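Listed below are the residues making up each chain.
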Amino acid sequence: MTSMPHPYDETEPIIPCRAAEAVEVPTAVVKKKDFPMYEMSSLMDGTFSHLAEALAEVGIAPIGPAVALHHRMPVDTADLEVGFPIDKPLTETLTLDSDYEVVGSVLPGGRVGVVSHVGSYGGLAETWGAFTEDIGLSGEQMMYPFWEMYVTVPTPEVDPSTLRTDLFHLLEPRSGGSDK
């Protein structure tokens, strides 16, 4: 696996939250609009379990952990993309064994707020709440999209309390270019 660019390359959890400059990274994703939240695990399992093999067949490699990018705040449904950052742009549509269609997309470049969540996925909502509050208190303005990177692969052997998920939220650009 080729390494991801900064700020995606942190080896240790990112705590407390901070702002960073991110470059655009190509992704291979399954895009869903108005996708039911209660079906999220089937979407992720059906994508992540088949995607690396499908990419290898067309000469593309994942370069980082699985990602879920949201175009709006999910409530009962979500507008999102799930997949992997990849080493070169995907220019064709792939169909997975799960029948999901995979297309090329990107993680956006620009200023991002970033923090790590360490623990089970059940605690993500609380971390997101604290993260968005901290960003607001710092005077930053959040924009869409926002995304999660699942740094720790959730295998049956992994202790859920050790799962690391990095959270990213696009921020409004600043004039002058300085990060907080």
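Our subject in this report is the structure included herewith.

### Some words on a nonpolar patch on the surface
Taken together, Met 73, Val 75 and Tyr 144 make up a surface patch of nonpolar side chains, about 330 Å² in accessible area. Within the secondary structure, Tyr 144 is located in strand β8 (residues 142-150). The exposure class assigned to Tyr 144 is partly exposed, which follows from its relative accessible area of 44%.

### Here we look at the nonpolar core
Judged by nonpolar contacts, the single largest core of 23 residues is most densely connected at Leu 43 and Val 102. Mapped by element, the contributors of at least two residues to this core are β2 (25-36), α1 (40-57), β3 (66-70) and β4 (77-85). If one sorts the elements of this core by residue count, α1 sits on top with 6 residues. In this structure Leu 43 touches Val 30, Lys 32, Phe 35, Leu 80, Val 82 and Tyr 100, once residues within four positions along its chain are discounted. Of all hydrophobic cores here, the second largest spans 16 residues; its members include Tyr 8, Ile 63, Leu 107 and Phe 168.

### Quick notes on the pattern of salt bridges
The tally for this structure, following the rule as stated, stands at 8 salt bridges. Between Glu 81 and Lys 31 there is a salt bridge; the shortest N-O distance is 3.9 Å. Here Glu 81 is found in strand β4, whereas its partner Lys 31 is found in strand β2, with 50 residues between them in sequence. As a salt-bridge pair, Glu 140 and Arg 174 come within 3.1 Å of each other at their nearest N and O atoms. With Glu 140 in the loop between α2 (124-137) and β8 and Arg 174 in the segment after β9 (164-171), this residue pair connects regions lying 34 residues apart in the sequence. Judged by relative accessible area, Glu 140 falls into the buried class, the value being 10%. One continuous salt-bridge network, built from bridges that share partners, spans Lys 33, Asp 34, Arg 72 and Asp 79.

Scoring rules and cut-offs
Residues numbered from 1 in each chain as written. Predicted model: local features only at pLDDT ≥ 70, side-chain atom pairs only at ≥ 80, totals over all residues. Heavy atoms only, no water. Patch = residues over 30% accessible without salt bridge, like charges linked within 9 Å, V, L, I, M, F, W, Y side chains within 5 Å. Areas by Shrake-Rupley, 256 points an atom, 1.4 Å probe, with all protein chains shown as cover. Salt bridge = Lys/Arg side-chain N within 4 Å of Asp/Glu carboxyl O. Helix = DSSP H or I, 4+ residues; strand = E, 2+ residues; numbered from the N terminus. Buried < 20%, exposed > 50% of the residue type's maximum accessible area, 1.4 Å probe, protein only. Core = buried A, V, L, I, M, F, W, Y, C linked by side-chain atoms within 4.5 Å. Contact = heavy atoms within 4.5 Å.

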